[in-house]
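# Working through the structure, step by step
For reference, the chains in residue letters:
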Amino acid sequence: MKEEGKKKLWQEYQKEIADDRYFYVRSCVRQSFFPGAEQAFLKIMREELGKDVFEHACHTTCTGIAYHADVVPFDTTMTVVARQFSLMTESGYQNLVPSCITSFGVYTEILETWKHFPEVEAKVREFLFKATGRTFEIPKNLAHASDVIYKFRDSIASRAKYKLVNQQTGEPLRVVEHIGCHYAKMFPHKGIGGAEFPHVLIGMVESWGGEVIDYPERRHCCGFGFRQYLVQANRGYSVACSKKKFESMEPYMPDLIVTNCPGCPMFLDRWQYVIAEMENHTYGADKQGIPVLTFEEMAAMVLGYDPWEIGLQVHQIPVEPLMIKMGIPFDPGKKYLGKNSKDMGRPEIPDYLNYSGMKI
Amino acid sequence: MKGLFDRLSADIRVQEGLKACINCGTCTAICPAAGFYNYDPRILTDMVQKRDDNVIEELLKGEFIWYCGECMSCKSRCPRGNVPGLLITALRALSQELGFFTMSEKGRQQLAVKRTVGEWIIKHGYCLYLEGAGTEVHPEQGPIWDWVQGNWRDVFDKMEANYQGSGPGILRKIPEESMEELRRIFDVTGGTARFEQIEKCSEEKAAEMGMEYSKDSDCEYLRHVCLANEKDHNRH
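Keep in mind that this is a model prediction, so the values were computed, not measured.

## Observations regarding the interface of chain B and chain A
- Counting from both sides, the interface comprises 69 residues of chain B and, opposite them, 74 residues of chain A.
- Tallied by class, the residues present in the side of chain B that touches chain A amount to 35 nonpolar, 19 polar and 15 charged.

## A look at the environment of Arg115(B)
- Position of Arg115(B) among the secondary structure elements: in helix α9 (residues 110-124).
- A sequence separation of 21 residues divides Arg115(B) from Leu94(B), and the C-alpha atoms of the two residues are 20 Å apart.

## As for the environment of Glu176(B)
All names here are of chain B.
- Mapping Glu176 onto the fold places it in helix α12 (residues 176-189).
- Using a count of 8 C-beta atoms within 10 Å as the deciding quantity, one classes Glu176 as exposed.
- Glu176 sits 51 residues away from Gly125 along the chain, and the two C-alpha atoms are 9.8 Å apart.

## Section: the sheet that holds strand β6 (residues 211-212) of chain A
Residue and element names in this part refer to chain A.
- Spatial ordering of the open sheet is given by β6-β5-β7-β8, a layout of four strands whose pairing is parallel. Of all the strands in the sheet, just β6 and β8 (292-294) have a single pairing partner and so form its edges.
- When strand β5 (residues 174-178) meets strand β7 (residues 256-259), the two strands line up parallel, connected through four bridges. The residue bridging Glu177 from the neighbouring strand is Val258, located in β7.

## A short note on the pairing of strand β3 (residues 95-98) of chain A
All names here are of chain A.
- The two faces of β3 match: Asn95 and Val97 on one face and Leu96 and Pro98 on the other face are all buried.
- With four bridges joining them, strand β1 (residues 22-25) and β3 adopt parallel strand pairing. If you follow Tyr24 over to β3, its bridge partner there is Val97.
- Pairing analysis gives two bridges linking β3 to strand β4 (residues 141-142), with the strands arranged parallel. Looking across to β4, one finds that Asn95 is bridged to Asn141.

Parameters and conventions
Residues numbered from 1 in each chain as written. Chains lettered and ligands numbered in written order. Predicted model: local features only at pLDDT ≥ 70, side-chain atom pairs only at ≥ 80, totals over all residues. Contact = placed C-beta atoms within 7 Å. Nonpolar A, V, L, I, M, F, W, Y, C, P; charged D, E, K, R; others polar. Helix = DSSP H or I, 4+ residues; strand = E, 2+ residues; numbered from the N terminus. Buried ≥ 20, exposed ≤ 12 C-beta atoms within 10 Å, placed from the backbone. Pairing = 2+ DSSP bridges.

Structure below.
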């Protein structure tokens, strides 16, 4: 196919991502489970790439989890999001970057709703003004944090200290990329590559030396399901979804799983532990499980950040086997030390996952 | 009950999510909930497009609408632009508005979600606030979570968080004036009314079921809705 025709064909799968001056909103899930990931993102953006990323102390949850668990009405969620827009406007920014995929989906849903139903936007403006006296401008650009890292993936590659390559064999690492459902399933044209060909994580993996695995359940949900995980009686749904994915990817022998959603890495990490405990079945080589990373953690590893500063010790599935493959040096003795080398004790070792060689 | 379809279709998510279902079943093939629960988004969409108030009432009072995980995978593949997941959000909203949600085992669980995620938002400004939420309630979080819980502040300090601090950062204390704005938004937009409706209907249901209920703390009814699976919900 002619290059020109090819570009035209794939045009609708492209996405405009602002170049600088981002208003960053945090994720309730990511900051609770993978706090080092958000810090790594800010460090990469500010210190490596020299970008202006602003965070307002007064921003709150977008209510996305409660909205999708149906305890918060759409009007409430839209007005809370309008308040975030107001904080962005008063700070002099126009490019909104959420850390959370659920938030990204919520923001996208709201902006699309307002486009089709201007009277709803007018109603929300009234709600916000009545409740807070605030006004706002709509963001000029909305991109998920993974979109932004994707945009600068080659700059990151040029600064990389390590590659997604097995240092012993010289072969690319085999990577499962898992895209959060609310990234592009609802509004395909808002994600790089759409819902069918999401390229946001593939671009990073390939730029940093890895090889992406295609497997049958590649696009299946991790199993959060909002109320399906939040309520104890429903959690079988959640683990069943993850198990379906693990069984589908297992024959392809992945070296790691990378995700762009905050919840997915937690589920894909923890459910491996649960399945090991329940069924004495572990995925990955040597019964060690398959390490699960956020995209920020993967970028930070490539850039050579201290693994314990970016929080790799809060994963249940150990990341050490992956660091060994990549040739990343690490000090196991520092894994559970706090600031100023404070001893924080040690977690218990799970019964069935193989932690030998981890020096815990 | 008359007028239920009209009330449902007043929700813009129904206007956006219901076109003309051709019953092809593509949504069901891709649906994670359909693989686990006795659930089928094709049947759901077909039931809604019948525009029959009796059928809508059956949905609002039953288990069926509570099985979806709102992953919205159905949206990505429907050849006619239907979104069963959006219909679910509208049905669940109406079920709670009319107080029908306590008539199903899965619907009654809304109290558990309101008491956790809902109240974390109002108290802390976050959807999750997990200090103290340990493995007794979340055993799947494993020994690493016990370790994090046991060293909460030190772990977050290590990651350069701003736990309970002022200014920006991870798990910062959201300023009281911002919390006030958030609460007023809930008051003005129906968020507070939804919470009160969940509590009121749950209290009535607890009395009907002969269970102890407390608005402010743990109680027999809350524990029951968190754990009960007395019906067979699963696909076999």
